[in-house]
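Spelled out, the chains give:
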Amino acid sequence: MKNTFKIILTSGLILISITMNAQKQKMENTALLIIDVQNDYFPEGKMTLEKAEQAAQNILKVLEYFRENNLPVIHIQHISTNEGAAFFLPDTDGVKINHLVLPMEDEKIIVKHFPNSFRETDLLSFLQSKKIKNLVMTGMMTDICVEATTRAAFDFGFINTIVGDATATRNREMNGEVVKAADVQKSFLAGISALGNLYANVMNTNEFLSK
């Protein structure tokens, strides 16, 4: 009886080990980008987004997965330098990365001044130095910095995944008409995943974590 239990236990541990190794191999050459999850986008910030806190909680789940599996994490922080900027101003609380996704000491932080995280930063050279081929995109705002970074990443040859419910935006206005944040979100995610996920494969947090 003891031998049978030992065999079952050993088999179970081997199976767990095989599963974990397979999962790790599947995520090889993959990095997580957390784009502009900064205080000004949250309640009482200078540019509050719709469902920012919900998106941040989902980003945290993805972040924990990457940390548990010792996979590369890159935090993008926008600091506004353009004249007339109203948020993400230097030396303000609003420009700080939100407490839910605070970087750890060994995680890369890249400061940018444009929507595209590759523009005038060392993001591309850093990814190349780590032999990264696949990017998992999360962050804010969906239709500006997340989209600009994803399209640029595609042009550089990266294979992109956007975790859709780990991004957020806000209401927009066009020709005097308000376009609801939920509609903006859906439209941009639909567009960037069109033509057979040309620019990015879009999935939700649970789908990503269970794949």
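The structure this text deals with has already been given above.
Residues numbered from 1 in each chain as written. Predicted model: local features only at pLDDT ≥ 70, side-chain atom pairs only at ≥ 80, totals over all residues. Heavy atoms only, no water.

Draft legend 1. Fine view of the packing of aromatic side chains. Counted according to the given criterion, the structure contains nine aromatic pairs. A centroid spacing of 5.9 Å and a plane angle of 45° characterise the contact between Tyr41 and Phe87, whose relative ring orientation is tilted. Of this pair, Tyr41 sits in the loop between β1 (30-35) and α2 (52-68) while Phe87 sits in the loop between β2 (73-78) and β3 (108-112), and the two are 46 residues apart along the sequence. The pair Tyr41 / Phe87 is uniform in exposure class, with both members buried. Aromatic side chains Phe118 and Phe156 sit 5.1 Å apart centroid to centroid with 50° between the ring planes, which places their arrangement in the tilted category. Taken together, the positions of Phe118 in the loop between β3 and α3 (123-129) and Phe156 in the loop between α4 (142-155) and β5 (159-168) put the pair 38 residues apart, joining distant regions of the chain. Taking relative accessible area as the criterion, Phe118 reaches 8% and is therefore assigned buried. (Phe/Tyr/Trp six-rings, centres within 6.5 Å; stacked < 30°, edge-to-face > 60°. Helix = DSSP H or I, 4+ residues; strand = E, 2+ residues; numbered from the N terminus. Buried < 20%, exposed > 50% of the residue type's maximum accessible area, 1.4 Å probe, protein only.)

Draft legend 2. Here's a closer look at the pattern of salt bridges. Under the criterion given, the structure shown has seven salt bridges. Between Asp93 and Lys96 there is a salt bridge, with the nearest N and O atoms lying 3.8 Å from each other. Between Arg151 and Glu147 there is a salt bridge whose closest N-O contact spans 2.9 Å. Here Arg151 pairs with Glu147, and both are found in helix α4, just four residues apart, close to one helical turn. (Salt bridge = Lys/Arg side-chain N within 4 Å of Asp/Glu carboxyl O.)

Draft legend 3. Inspection of unusual backbone geometry at higher detail. Cis geometry marks the peptide bond from Met140 to Met141, where omega comes out at -10°. Looking at where Met141 falls in the secondary structure, it is placed in the loop between β4 (134-140) and α4. Of note in this structure, Asn70 is not a glycine but carries a positive phi near 50°. Of note, Asn70 is situated in the loop between α2 and β2.

Draft legend 4. Region of interest: the pairing of β5. With respect to burial, β5 is a largely interior element, eight of its ten residues being buried. Of the strand pairs in this sheet, β4 and β5 are connected by six bridges, and their pairing is parallel. Looking across to β5, one finds that Asn134 is bridged to Ile159. Taking the sense of rotation as the criterion, the β-α-β connection linking β4, α4 and β5 turns out right-handed. Pairing between β5 and strand β8 (residues 201-203): three bridges, direction parallel. From the neighbouring strand, Thr161 faces β8, where its bridge partner is Asn201. (Pairing = 2+ DSSP bridges. Right-handed = clockwise from strand over helix to strand, strands pointing away.)

Draft legend 5. Broad picture of the sheet that holds β3. Pairing within the open sheet is parallel, and its six strands lie in the order β3-β2-β1-β4-β5-β8. Each having just a single partner strand, β3 and β8 make up the two edges of the open sheet. Put simply, the sheet's adjacent strands are angled 25° from each other on average, direction ignored. Sheet topology note: the β1/β2 ladder contains four bridges and is parallel. Its bridge partner being in β2, Ile35 is matched across the sheet by Ile76. Relative to the sheet, α2 contacts β1, β2, β4 and β5, its axis offset from that of β5 by approximately 140°. (Axes fitted to C-alpha atoms, helices over the stretch in contact; angles between N-to-C directions. Contact = heavy atoms within 4.5 Å.)

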